[in-house]
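# A look at the structure
Chain residues, written in single-letter form:
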Number of protein chains: 2
Amino acid sequence: MRFVQIVVLAGGTGGARFLRGVRAAAPDAEITVVVNTGDDVTLHGLRICPDLDTVVYTLGGGIDEERGWGRAGESWTVKEELAAYGADPDWFGLGDRDLATHLIRTRMLDAGYPLSAVTAALADRWQPGVTVLPMSDQRVETHVVVSDPETDRPRAIHFQEWWVRHRAALEASAFVQVGVDAARPAPGVAEAFAAADAVLLAPSNPVVSIGTILGVPDLREALLATPARIAGVSPIVGGAVVRGMADRCLPVLGIEVSAEGVGRHYGARSDGGLLDAWLVAPEDPADVPGVDVRQVPLLMSDPEATTALARAALDACRG
Amino acid sequence: MRFVQIVVLAGGTGGARFLRGVRAAAPDAEITVVVNTGDDVTLHGLRICPDLDTVVYTLGGGIDEERGWGRAGESWTVKEELAAYGADPDWFGLGDRDLATHLIRTRMLDAGYPLSAVTAALADRWQPGVTVLPMSDQRVETHVVVSDPETDRPRAIHFQEWWVRHRAALEASAFVQVGVDAARPAPGVAEAFAAADAVLLAPSNPVVSIGTILGVPDLREALLATPARIAGVSPIVGGAVVRGMADRCLPVLGIEVSAEGVGRHYGARSDGGLLDAWLVAPEDPADVPGVDVRQVPLLMSDPEATTALARAALDACRG
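The following refers to the structure shown. (Residues numbered from 1 in each chain as written. Chains lettered and ligands numbered in written order. Predicted model: local features only at pLDDT ≥ 70, side-chain atom pairs only at ≥ 80, totals over all residues. Heavy atoms only, no water.)

## Some thoughts on the overall build of chain A
Helices and strands together make up the secondary structure of chain A, namely 12 helices and 14 strands. On the principal axes, the C-alpha backbone points of chain A span a range of 60 × 45 × 40 Å. The proportion of buried residues among the 319 residues of chain A is 58%. In chain A, the proportion of contacts linking residues at least 24 apart, taken out of those at least 6 apart, comes to 69%. Here chain A has roughly 12,500 Å² of accessible surface; of this, 49% comes from carbon and sulfur atoms. Treating the 27 positive side-chain charges of chain A as one cloud and the 42 negative ones as another, the clouds have centres 3 Å apart. (Helix = DSSP H or I, 4+ residues; strand = E, 2+ residues; numbered from the N terminus. Buried < 20%, exposed > 50% of the residue type's maximum accessible area, 1.4 Å probe, protein only. Contact = heavy atoms within 4.5 Å. Areas by Shrake-Rupley, 256 points an atom, 1.4 Å probe, with all protein chains shown as cover. Lys, Arg positive; Asp, Glu negative; His and termini not counted. Charge placed at Lys NZ, Arg CZ, Asp CG, Glu CD.)

## With respect to the interface of chain A and chain B
With 25 residues of chain A at the contact, the number on the chain B side is 25 residues. In this assembly, chain A packs against chain B so that about 2,200 Å² is buried in total across both faces, 64% of it on carbon and sulfur atoms. Our enumeration of links across chain A and chain B arrives at six salt bridges. Those elements giving two or more residues to the side of chain A that touches chain B turn out to be α3 (77-84), α4 (96-110) and α5 (115-126) of chain A. Looking at which element gives the most residues to the side of chain A that touches chain B, the answer is α4(A), with eight residues. Class assignment of the residues belonging to the side of chain A that touches chain B gives a composition of 13 nonpolar, five polar and seven charged. (Buried area = accessible area lost by both parts, 1.4 Å probe. Salt bridge = Lys/Arg side-chain N within 4 Å of Asp/Glu carboxyl O. Nonpolar A, V, L, I, M, F, W, Y, C, P; charged D, E, K, R; others polar.)

## Some remarks on the side chain of Thr306(A)
Residues and elements named next belong to chain A. By the element assignment, Thr306 lies in helix α12 (residues 303-316). Overall, Thr306 belongs to the buried group, its relative accessible area being 7%. A polar side-chain atom of Thr306 sits 2.8 Å from the main-chain carbonyl oxygen of Asp302. If we ignore the near neighbours within four places in the chain, the residues touching Thr306 are Arg17, Phe18, Gly21 and Met300. (Polar contact = N/O pair within 3.5 Å; in protein donor to acceptor, adjacent residues only side chain to side chain.)

## A few points about empty space enclosed by the protein
Leftover empty space is mapped by rolling, across the atoms, a probe with the size of a water molecule. Applying the stated rule across the entire model yields four cavities of 30 Å³ or more. Estimated volume of the largest cavity: approximately 70 Å³. Among the residues making up the lining of the largest cavity, the classes are represented as six nonpolar, one polar and two charged. (1 Å grid on protein atoms, 1.4 Å probe; cavity = no way out; pocket = protein on both sides within 12 Å on 5 of 7 lines; lining within 4 Å. Points joined across faces, edges and corners; volume = space filled by probe spheres on them.)

## Topic: the sheet that holds strand β7 (residues 154-158) of chain A
All names here are of chain A. Reading across from one edge, β7-β6-β8 is the order of the three strands in this open sheet, with antiparallel pairing throughout. At either end of the open sheet lies a strand with only one pairing partner, and these are β7 and β8 (172-178). Ignoring which end each strand starts from, the neighbouring axes of this sheet average 30° apart. With five bridges connecting them, strand β6 (residues 141-147) and β7 associate as antiparallel partners. If you follow His143 over to β7, its bridge partner there is His158. (Pairing = 2+ DSSP bridges. Axes fitted to C-alpha atoms, helices over the stretch in contact; angles between N-to-C directions.)

## What about the side chain of Asp96(A)?
Relative to the helices and strands, Asp96(A) resides in helix α4. The charged side chain of Asp96(A) is buried without a salt bridge, its nearest counter-charge being Arg97(A) at 7.9 Å. Beyond its immediate stretch of four places on either side in the chain, Asp96(A) contacts Glu74(A), Ser75(A), Trp76(A), Thr77(A), Val78(A), Thr77(B), Val78(B) and Asp96(B).

## Notes on unusual backbone geometry
In this chain, Asp88(A) is followed by Pro89(A) through a cis amide linkage whose omega measures -10°. Take Pro89(A): it is sitting in the loop between α3 and α4. We note that Arg167(A) has phi near 50°; this positive angle belongs to a residue other than glycine. With phi around 60°, Ala168(B) is a residue other than glycine that occupies positive phi space. Structurally, Ala168(B) is set in the loop between α6 (159-165) and β8 (172-178).

## A short note on the packing of helix α1 (residues 13-25) of chain B against helix α2 (residues 50-60) of chain B
All names here are of chain B. Interaxial distance between α1 and α2 falls to 9 Å at its minimum, and their mutual angle equals 40°. Taken together, the axis directions place α1 and α2 in an arrangement best described as oblique. In this structure, the crossing between α1 and α2 has a hand that is right-handed. From α1, Thr13, Ala16, Arg17, Leu19, Arg20 and Arg23 reach across to α2, where they touch Thr54, Val55, Thr58 and Leu59. Taken together, the residues of the contact of α1 with α2 break down into four nonpolar, three polar and three charged. (Parallel < 35°, antiparallel > 145°, perpendicular 65-115°, else oblique. Left-handed = near helix turned anticlockwise from the far one by under 90°.)

## A short note on the relation of the copies chain A and chain B
Note on the copies: chain A fits chain B at an RMSD of 0.0 Å, the axial shift is 0.0 Å, and the rotation between them is 180°. Each copy turns onto its partner about a two-fold axis. The C-alpha atom lying nearest the rotation axis in chain A is that of Asp96(A); the distance is 3.6 Å. A share of 100% of the interface residues of chain A reappears at the interface of chain B, consistent with the copies meeting face to face through the same patch. (Least-squares fit on C-alpha atoms with pLDDT ≥ 70 in both.)

## Some thoughts on the sheet that holds strand β6 (residues 141-147) of chain B
All names here are of chain B. With antiparallel pairing, the three strands of this open sheet are ordered in space as β7-β6-β8. The open sheet has two edge strands, β7 (154-158) and β8, and neither has a second partner. Each neighbouring strand pair of the sheet contributes to a mean axis angle of 30°, computed without reference to strand direction.

## A short note on the nonpolar core
Counting 123 residues, the largest nonpolar core has Ile6(A) and Ile6(B) as its most contacted members. Setting aside chain neighbours within four positions, we find Ile6(B) in contact with Val22(B), Ala26(B), Ala29(B), Glu30(B), Ile31(B), Thr32(B), Asp197(B), Ala198(B), Leu200(B) and Leu314(B). (Core = buried A, V, L, I, M, F, W, Y, C linked by side-chain atoms within 4.5 Å.)

## Section: the environment of Gly238(A)
Residue and element names in this part refer to chain A. Checked against the element boundaries, Gly238 lands in the loop between β11 (236-237) and β12 (240-241). Classification of Gly238 as partly exposed rests on a relative accessible area of 49%. Residues in contact with Gly238, not counting those within four places in the same chain, are Glu283 and Asp284.

So this is what it looks like as structure tokens:
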């Protein structure tokens, strides 16, 4: 069985790298990626969509490979000048090359184009080879409930402030999706699930990437209505987060930081959960009732390993 | 007589350099500059005020001295990236350092601050040593009526498009000030004229800089009500424009490209015009009825020459 329509749910860096593997593993398939936009933020009047840009830059050859976000050969002149004016905030990594993307996006959004149309227009330059869809055209921003160190009272800060400024070091008590009640899946999302013959959950953050996508009203239902099998890839290898700070997020929802913990959090599709199959690393045996758990190498250390992982994930969709 | 309150009307580069002379010639005076904003333009969603920035950068030590506009040590990364996306327009000199200024200005304007308040906030970094006022807080944009080469019909294009993109090479039949009917002098402008003991017209473009300022309703009347003498400096030396393309603008209004022609265009204050005094170069004898015409070196070739010119202009306000 050769897959024709593949849908991937993804966040930023890890999801983007996984997508390169899927593209290589299924070069003839139509691949659609539904991307988390809960990290999106407006700074200095610019609308910034970190995960969308990471996916497009990574697949389009514009990414800074080492950093995993932003543009290769980046410079930081505008950021330094903004700081010289004393403009807040000064902790966000706003690169000069990247800024052109934000300017065009902001201008198009202000002119009334929906984010999905803006994303398609920007992707036209990068030719990522997959269809990139935001999870929603409506603004949904993840905020993190933390305890104010001054007053000891709960306070909600934007995810980017928590993640970038505080490096997720502030104790979080909850994640809230501001604006989610008015959100709908972006055009094409439900259609992609309905037409899919394989659906993959990338090894992205289960809480603030995959979890945020699934929080959009009707999106989870559209996903579960897919005729395809759904296979997820664990972001936990050897009991630890491969990249990012998911270990700061999982406990907030009472999820154990393990491949088994995340698998059980997603749950078996036969039992109201998401998963038909769950890919874990050889060193992470996991018991997830009702789910076809497969142990395969998960580290995307080079293109071959990444493609092999994607192939294993697609295999798991064959049942 | 030592001047205490000096007001200068100015456009961009020439006006800004002249202001350095005024500041040096009258270090104890309060100097207010009323700046043309008819060149202002919104590009890529950014509000750009070329003359205000040139004045502030020049007096604040941030200007590119050779170019006469924009920031010293400028880079053009964002501009190149915008072009790589195919974003229009690609002919405007949008520097990376400069862009931070535009971002802050745009954000403040969007938040509801008037341009005068934004200008003061930006000047706070640069400490220009003079009070910089836009001519108006309302948007007034100079458009140029040209003949469409395709259809031969008249067409209005933004001044920046005519000036920067076409290098003023398209034949112009008129300049129009879009938005001028709703404009008022910015806060502080009328008060500055009323308190002035010297008013100077910088050697800026008489049509699209000084002329645009004077086109703001009530501004000309406020100027003429000043108790101070008004002295102008010719932008024409040796029968030619020192800098810029005023020779492309003057004929549109039927003004002769000469020191005498511009002096007569401004006219004698005693006769409903602007001038008490008119400074022309030694090689430009000028007969302007009712005006105290003085021949002094006009070239601002170095700080000393510029200060001497400013001193001569202030002298002419002593009567």
